[in-house]
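# Remarks on the overall topology
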Amino acid sequence: VDGVSDLADVVVIRTQLSGQGLSVSGHDSGLQSGTVDPLAWPTGTSIIDRRGVLIPADLTPGEYVLEVGVETPGGPLLTAAGQPFISLGQVTIAR
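In this text, all values refer to a predicted model and were calculated from it rather than measured experimentally.

## Things to note about the overall build of the protein chain
Summing up its helical and strand segments, the protein chain has 0 helices and 5 strands in all. In sequence order, the protein chain lays out its α and β elements as β-β-β-β-β. Across the 95 residues that make up the protein chain, the buried fraction comes to 23%. Partitioning the intrachain contacts of the protein chain with sequence separation of at least 6 by distance along the chain shows that 56% fall at a separation of at least 24. By element, 55% of the accessible surface of the protein chain is carried by carbon and sulfur atoms, the whole surface being about 6,300 Å².

Here's what the structure looks like:
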């Protein structure tokens, strides 16, 4: 990855977004809590990185999209479709 010289330079961005594109909950941290060096990944290798999502108690009920992306000091890594995030699916928040 261009511009990445150290494992600490790579951060996973996990964000929950509303339908209007507003971030309502998110969390940034190193890949597998900094234990996996993405520069050593062979092409086509999958890495499992389990994460939780905290839902704010005052979140308005409705439909939300959960997305994940990878950020480096040079900016986001893009998917094959040129997007900075991959959608993991839609979540319905109800009371």
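## Digging into the pairing of strand 3 (residues 62–72)
Sheet analysis places strand 3 next to strand 5 (residues 86–93), joined by 7 bridges and oriented antiparallel. Bridge assignment links Val68 to a residue of strand 5, and that residue is Ile86. Where strand 3 meets strand 4 (residues 75–76), 2 bridges bridge the pair, whose relative direction is antiparallel. Counterpart to Thr72 in the pairing with strand 4 is Gly75. Linking strand 3 to strand 4, which pair antiparallel, is a turn of 2 residues.

## Considerations on the environment of Val24
Within the secondary structure, Val24 is located in strand 2 (residues 23–29). Sequence spacing of Val24 and Leu59 is 35 residues, and the spatial spacing of their C-alpha atoms is 7.8 Å.

## Comments concerning the confidence of the model for the protein chain
Averaged over all residues, the pLDDT of the protein chain is 76; the fraction at 70 or higher stands at 78%. Looking over the protein chain, one finds the lowest element-wise mean pLDDT in strand 1 (residues 11–18), namely 63, and the highest in strand 5, namely 88.

## Overview of the environment of Pro56
Structurally, Pro56 can be placed in the loop between strand 2 and strand 3. Classification of Pro56 by relative accessible area gives partly exposed; the value is 28%. Taking C-alpha positions, Pro56 is 7.9 Å from Val24, a pair spaced 32 residues apart along the chain. The contact partners of Pro56, leaving out residues within four places of it in the chain, are Val24 and Ser25.

Scoring rules and cut-offs
Residues numbered from 1 in each chain as written. Predicted model: local features only at pLDDT ≥ 70, side-chain atom pairs only at ≥ 80, totals over all residues. Heavy atoms only, no water. Helix = DSSP H or I, 4+ residues; strand = E, 2+ residues; numbered from the N terminus. Buried < 20%, exposed > 50% of the residue type's maximum accessible area, 1.4 Å probe, protein only. Contact = heavy atoms within 4.5 Å. Areas by Shrake-Rupley, 256 points an atom, 1.4 Å probe, with all protein chains shown as cover. Pairing = 2+ DSSP bridges. pLDDT = per-residue confidence, 0-100.

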